[in-house]
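Breakdown of the fold
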Amino acid sequence: MKKLLFSLAFAGLVFSAQAQGPQLTLDKDVHDYGTIAQGGNGTCEFTVTNTGDQPLIITNCKGSCGCTVPKCDTAPIAPGASTVVTVKYDSNRVGPINKSVTITSNAVNAPTKIIRIKGEVKASASATPTSPVKAGSTMAPVS
């Protein structure tokens with residue numbers, strides 16, 4: 001009787017290990033831009049791989065604010081295949097970057113996965129405001 005119960009338990013473990021479903025695996029959880037110039041390239045990519053045994057379907061990608069715009073493919077990702085989630089940050093905003101993107105899928109290991117972007121946007125020299133002309137000053141015409 002004990003051998004039968006043990007055999008059934010072992011068979012159940014083997015079966016559950018084989019029927020794992022879609023699994024979402026990322027190449028990184030955080031992209032660090034470091035320091036970028038104002039108006040610089042604010043695009044980065046995250047590679048999503050389906051390490052499961054059934055198709056992975058990303059149903060939504062949502063940025064934490066309007067300055068962080070993700071783009072993801074909603075076509076099913078076959079087991080072992082990959083896709084790319086592209087994130088575009090509005091680098092015209094000067095200051096620190098600390099934003100997130102939420103990926104929603106049918107993955108059994110992470111149905112909701114949060115990825116992050118960080119860094120800092122420094123004002124470019126061309127964006128520095130120039131000194132205004134004071135009212136009442138006289139300027140000679142340029143010829």
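In what follows, the accompanying structure is described. Quick caveat, the model's predicted, so the values are computed rather than measured.

Before going further, it helps to spend a moment on the overall build of the chain. Summing up its helical and strand segments, the chain has one helix and eight strands in all. When the helices and strands of the chain are placed in sequence order, the string is α-β-β-β-β-β-β-β-β. Within the chain, buried positions represent 29% of all 143 residues. If you take every contact in the chain between residues at least 6 apart in sequence, the share linking residues at least 24 apart comes to 66%. Summed over its atoms, the accessible surface of the chain is roughly 9200 Å², and 58% of this surface lies on carbon and sulfur atoms.

As a rule of thumb, nonpolar side chains are buried together in soluble globular proteins. Within the largest apolar cluster, 22 residues are counted, with the highest numbers of intra-cluster contacts made by Phe 46, Val 85, Ile 103 and Ile 117. Within the residue set of this core, elements represented by two or more residues are β1 (24-26), β2 (30-37), β3 (43-50), β4 (58-63), β6 (82-89), β7 (95-105) and β8 (112-122). The contact partners of Ile 103, leaving out residues within four places of it in the chain, are Leu 24, Leu 26, Ile 58, Asn 60, Cys 61, Val 85, Pro 111, Thr 112, Lys 113 and Ile 115.

A few words now on the sheet that holds β7. The strand order across the open sheet built from four strands is β2-β8-β7-β4, with neighbouring strands paired in mixed fashion. Every interior strand has two partners, whereas the edge strands, β2 and β4, have only one. With strand direction ignored, the average angle separating the axes of adjacent strands in the sheet is 20 degrees. Where β4 meets β7, five bridges bridge the pair, whose relative direction is antiparallel.

Thresholds applied
- For every chain, the first residue of its written sequence is number 1, and the numbers climb from 1 along that sequence.
- Selection of residues for local features in this predicted model requires a pLDDT of at least 70, selection of side-chain atom pairs for listing and counting requires 80 or more, and totals for whole chains, interfaces and linings are taken over all residues.
- Processing note: side-chain calculations cover all non-hydrogen atoms of the structure and skip hydrogens and water entirely.
- Starting at the N terminus, helices and strands are each numbered in turn, a helix being any DSSP run of H or I of at least four residues and a strand any DSSP run of E of at least two.
- When accessible area is computed with a 1.4 Å probe and restricted to protein chains, residues below 20% of their type maximum are described as buried, those above 50% as exposed, and intermediate ones as partly exposed.
- Note on definitions: a residue-residue contact is assigned when non-hydrogen atoms from the two residues lie within 4.5 Å.
- Per-residue and other accessible areas follow the Shrake-Rupley method at a 1.4 Å probe size, with only the shown protein chains counted as cover for residues.
- Only buried residues count toward a nonpolar core. Its members are Ala, Val, Leu, Ile, Met, Phe, Trp, Tyr and Cys residues joined through side-chain atoms within 4.5 Å.
- A pair of strands counts as paired when DSSP detects no fewer than two bridges linking them.
- Note on geometry: axes are C-alpha line fits, over the in-contact stretch for helices, and angles between N-to-C directions span 0 to 180 degrees.

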